[in-house]
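The primary structure of each chain is shown beneath.
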Amino acid sequence: LTIEREILNKGRLDVLGNSQISGITQMDSDVVILGNLVIEQDLTVKGTTFSLGGIETTAMNMSGDLSVGGAAVIDSTLEVTKQVLLHDSLTVLGPVNTGSNRAFSVDVAGNTQINGQLTILDSLVATAAGTRLSTLDAGPSTLSTLTTTGSTTVRNNLNVSNNTTF
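Residues numbered from 1 in each chain as written. Predicted model: local features only at pLDDT ≥ 70, side-chain atom pairs only at ≥ 80, totals over all residues. Heavy atoms only, no water.

Colleague: Give a detailed account of the overall build of the protein chain, specifying residues and quantitative values.
Modeller: Helix and strand counts for the protein chain stand at 0 helices and 3 strands. Secondary structure of the protein chain in N-to-C order comes out as β-β-β. Overall size of the protein chain, expressed as C-alpha extent along the three principal axes, is 110 × 25 × 25 Å. By residue count, 1% of the 166 residues in the protein chain fall in the buried class. For the protein chain, the exposed surface amounts to about 18,400 Å²; the carbon and sulfur share of it is 49%. (Helix = DSSP H or I, 4+ residues; strand = E, 2+ residues; numbered from the N terminus. Buried < 20%, exposed > 50% of the residue type's maximum accessible area, 1.4 Å probe, protein only. Areas by Shrake-Rupley, 256 points an atom, 1.4 Å probe, with all protein chains shown as cover.)

Colleague: Hey, could you go over a nonpolar patch on the surface for me, with residue numbers and the actual values?
Modeller: The grouping of Ile 74, Leu 78, Val 80, Val 84, Leu 86, Leu 90, Val 92 and Val 96 at the surface amounts to a nonpolar patch, some 740 Å² of accessible area in total. Along the polypeptide, Val 96 turns up in strand 1 (residues 96-98). (Patch = residues over 30% accessible without salt bridge, like charges linked within 9 Å, V, L, I, M, F, W, Y side chains within 5 Å. Salt bridge = Lys/Arg side-chain N within 4 Å of Asp/Glu carboxyl O.)

Colleague: Describe the pattern of salt bridges, and please don't skip the residues or the numbers.
Modeller: Here the idea is simple: oppositely charged side chains can pair when their charged atoms come close. Applying the stated criterion across every chain, the model contains 1 salt bridge. The shortest N-O distance in the salt bridge between Asp 14 and Arg 12 comes to 2.9 Å. Take Asp 14: its relative accessible area is 53%, and that puts it in the exposed class. Exposure remark for Arg 12: the relative accessible area of 71% places this residue in the exposed category.

Colleague: With reference to specific residues and values, describe the environment of Glu 4.
Modeller: With respect to the helices, strands and loops of the structure, Glu 4 is situated in the segment before strand 1. The exposure class assigned to Glu 4 is exposed, which follows from its relative accessible area of 73%. Through-space distance from the C-alpha of Glu 4 to that of Asn 97 is 67 Å; in sequence the pair is 93 residues apart.

Colleague: Lay out the side chain of Ser 105 with the relevant residues and their values.
Modeller: For Ser 105, the position within the fold is in strand 2 (residues 104-106). Residue class for Ser 105 comes out buried when judged on its relative accessible area of 5%. A polar contact is formed between the side chain of Ser 105 and the side chain of Asn 97, at a distance of 2.8 Å. If we skip the residues at most four places from it in the chain, Ser 105 touches Val 96, Asn 97, Asn 111, Thr 112 and Gln 113. (Polar contact = N/O pair within 3.5 Å; in protein donor to acceptor, adjacent residues only side chain to side chain. Contact = heavy atoms within 4.5 Å.)

Colleague: Summarise the sheet that holds strand 1; cite the residues concerned and give the values.
Modeller: On the basis of which strands lie adjacent, the open sheet formed by 3 strands has the order 1-2-3 and antiparallel pairing. With one partner strand each, in any of the chains shown, strand 1 and strand 3 (112-114) form the two edges of the open sheet. The mean angle between the axes of side-by-side strands here comes to 5 degrees, regardless of whether they run parallel or antiparallel. With 3 bridges connecting them, strand 1 and strand 2 associate as antiparallel partners. Its bridge partner being in strand 2, Val 96 is matched across the sheet by Val 106. (Pairing = 2+ DSSP bridges. Axes fitted to C-alpha atoms, helices over the stretch in contact; angles between N-to-C directions.)

Colleague: Describe in detail the environment of Glu 56, supporting the description with residues and values.
Modeller: Inspection of the secondary structure assignment puts Glu 56 in the segment before strand 1. Residue class for Glu 56 comes out exposed when judged on its relative accessible area of 79%. In this structure the C-alpha to C-alpha distance between Glu 56 and Lys 82, which are 26 residues apart in sequence, comes to 26 Å.

In structure tokens:
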């Protein structure tokens, strides 16, 4: 069958077997595919894509924004190359490491390691017995108990109240 210009079908068109259509094909109404659809080149969608059964792919490149209305499960590494902004809480079930050499690390038990200087702009509250510092350089401080096993240097006034043992 050879058609030179067009077919105008106002009813139903059934094609049995394989069909090959070259050139632009235009459907002016809905298209329902009851089997699989294989696309061997690119697919451009100018509207919104609705997938009621989900989307599965081995790789996806996307430009533009991604909005997820429900939970997102990622079974591998999430790599973000720019800033991250969270509007609610963050729960991490494994260790947290920052920096290529673990400059800041927190394990699941809360143990924290900082491989650099720590600057505290307000208060440091240590509530457990056995809090140890190898070196402490502090401005004005109030201590309930101070035990030192090495040298202690006081560069200014030392005020002592109540019982004192030297």
